[in-house]
Amino acid sequence: MPVRYYKYDRPFVLENGERLPELQIAYHTYGKFKGNNVIWVCHALTANSDVADWWPRTVEQGRFLDPRRYYVVCANVIGSHYGSTGPLSLNPATGKPYYGSFPFITVRDMVNAHLLLADHLGVGSVRAVIGSSIGGFQALEMALERPGFARKLILIATAARAQPWTIAADEAQRMALEADTTFGTDSPDAGRRGMEAARAIGLLTYRGSSAYNATQQEHDDPDKTRGFRACSYQRHQGEKLSRRFDAYSYRRITEAFDSHNVGRGRGGVERALGTIGADTLVVGITSDIILPVGEQLALWRHIPHCRMELIVSDFGHDGFLVEHAKLDAILGPFIES
């Protein structure tokens, strides 16, 4: 499906009081809008609005995002690299890209932008909002910012707030960006080597030891002393992200990740979660080390109408991208019920 764009030609006020003079939101839709059949997908950190591109075996007939049954919507978050207003967008005040001057944003800002898109599309409520990782952060904020918008809420490998462990992991990645002497220059290629290192750091937390030990063993030469598969994998993944994403966007969206706290301005996390009225499903992944199962248990304890499921997987946090069959078996019946 082709990407579409919504232009909001008025100032967009951010949570910190700064303003974006105008706003563009890139989004994809699948299926036909029938009023009560909308599923809103909130994407993860460096993904885009094309769900079928980054979440394999989901937007298919018979799957939980079946486009013959549902009208699936996914919007690219502001600050990202895939069409929504971000660091490489032109600043109307200067006629040049923002680059490093793009303002700090929060998850709540991302969600408020997407609610403008929902209004534009005529979507007053949805059958379900689904989000994994920072997408789950967005899904929670969407349910809290607009009560009644989501009849069902699906939260996968996510949490009510960013904890010091996740913030520290993100800061280590930003330090890698800053160690690149090109970071800070007004160039779309700024910080590219730093991005490679940042991605390599991030992958350790997204996958964990079980995934690496299962996929990067030296089966052909167990006595090897150098040139390990794990080394080439880290470099390949770093280079791969640096070719498709920019360093300034990576800094801003990891900062947005760290900003996440549903209790901010709402009387604390427990009070905020207690106000969620949607029928909620929380899914944890047993080997997740960046947003471990304890975070999902906390959601389950404090959201009133909530059930929880666990997926046994060796793929860590990235299990939500890999274990599509297990997810389908859990999410499909819940969405239909």
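Residues numbered from 1 in each chain as written. Predicted model: local features only at pLDDT ≥ 70, side-chain atom pairs only at ≥ 80, totals over all residues. Heavy atoms only, no water.

1. Focus on the overall build of the chain
Condition: For the purposes of this entry, the term helix denotes a DSSP run of H or I that reaches at least four residues, the term strand denotes a run of E that reaches at least two, and both are numbered from the N terminus. C-alpha atoms define the radius of gyration in this analysis, and the globule rule sets the expected value at 2.2 Å times the number of residues to the power 0.38. Throughout, exposure labels follow a simple rule: accessible area from a 1.4 Å probe, protein chains only, divided by the maximum for the residue type, with under 20% read as buried, over 50% as exposed, and the rest as partly exposed. What makes two residues a contact is simply this: any of their non-hydrogen atoms within 4.5 Å. Only the protein chains shown count as cover for residues, and all accessible areas are computed by the Shrake-Rupley method using a 1.4 Å probe. Positive charges come from Lys and Arg, negative ones from Asp and Glu, while His and the chain ends are left out of the count. Positions of charges follow a simple convention, taking NZ of Lys, CZ of Arg, CG of Asp or CD of Glu.
The secondary structure content of the chain amounts to eleven helices and twelve strands. The C-alpha radius of gyration computed for the chain amounts to 20 Å, which stays within 12% of the reference 20 Å derived for 337 residues, consistent with globular compactness. Along the first, second and third principal axes, the C-alpha set of the chain runs to 60 × 50 × 40 Å. Split into buried and exposed, the 337 residues of the chain put 55% on the buried side. A separation threshold of at least 6 residues defines the contact pool for the chain, and within that pool the share at least 24 residues apart is 73%. Of the roughly 14200 Å² of accessible surface on the chain, a fraction of 51% belongs to carbon and sulfur atoms. Counting 37 positive and 37 negative side-chain charges, the chain places the centres of these two groups 5 Å from one another.

2. Comments concerning the packing of helix H5 (residues 192-215) against helix H6 (residues 229-244)
A packed helix pair is summarised by two numbers, namely the angle formed by the two axes and the spacing between the axes. Counted only if it meets this: Orientation is described by lines fitted to C-alpha atoms, with helices fitted over the stretch in contact, and by angles between N-to-C directions that extend from 0 to 180 degrees. Geometric relationships in this document are graded by angle, where less than 35 degrees denotes roughly parallel, more than 145 denotes roughly antiparallel, 65 to 115 denotes roughly perpendicular, and other angles denote oblique. Working rule for handedness: look at the near helix, and if it is turned counterclockwise from the far one by less than a right angle, call the crossing left-handed; if clockwise, right-handed. Three residue categories are used. Nonpolar comprises Ala, Val, Leu, Ile, Met, Phe, Trp, Tyr, Cys and Pro, charged comprises Asp, Glu, Lys and Arg, and polar comprises the others, including Gly.
Their axes nearest at 8 Å, the elements H5 and H6 cross at an angle of 135°. Taken together, the axes of H5 and H6 are oblique relative to one another. Here the hand of the crossing between H5 and H6 comes out right-handed. Contact residues: H5 offers Arg-192, Met-195, Glu-196, Arg-199, Ala-200, Leu-203, Leu-204, Arg-207, Tyr-212 and Thr-215, while H6 offers Arg-229, Tyr-233, Gln-234, Gln-237, Gly-238, Glu-239, Leu-241, Ser-242 and Arg-244. Looking at side-chain class alone, the contact of H5 with H6 contains seven nonpolar, five polar and seven charged residues.

3. Considering the layout of surface pockets
Here is the rule we go by: Cavity and pocket criteria rest on a 1 Å grid covering protein atoms alone: a 1.4 Å probe that fits but cannot get out defines a cavity, protein on both sides within 12 Å along at least 5 of 7 lines defines an open pocket, and an atom within 4 Å of a point defines a lining residue. Grid points are joined across faces, edges and corners, and a volume is the space filled by probe spheres set on the points.
The calculated volume of the largest pocket comes to roughly 680 Å³. Lining the largest pocket are 29 residues, and of these Thr-46, Arg-199, Arg-244, Asp-318 and Leu-321 lie nearest its centre. Tallied by class, residues from the lining of the largest pocket come to 15 nonpolar, seven polar and seven charged. Around the second largest pocket, the lining residues are Lys-7, Glu-22, Leu-23, Gln-24, Gly-83, Ser-84, Thr-85, Ser-89, Leu-90, Pro-92 and Tyr-98. Here the residues of the lining of the second largest pocket sort into four nonpolar, five polar and two charged.

4. Overview of unusual backbone geometry
Backbone geometry at Arg-57 places phi at a positive 60°, although glycine is not the residue there. Here Arg-57 shows up in the loop between helix H1 (51-54) and strand S6 (71-75). We note that Ala-157 has phi near 50°; this positive angle belongs to a residue other than glycine. Checked against the element boundaries, Ala-157 lands in the loop between strand S10 (150-156) and helix H4 (164-179).

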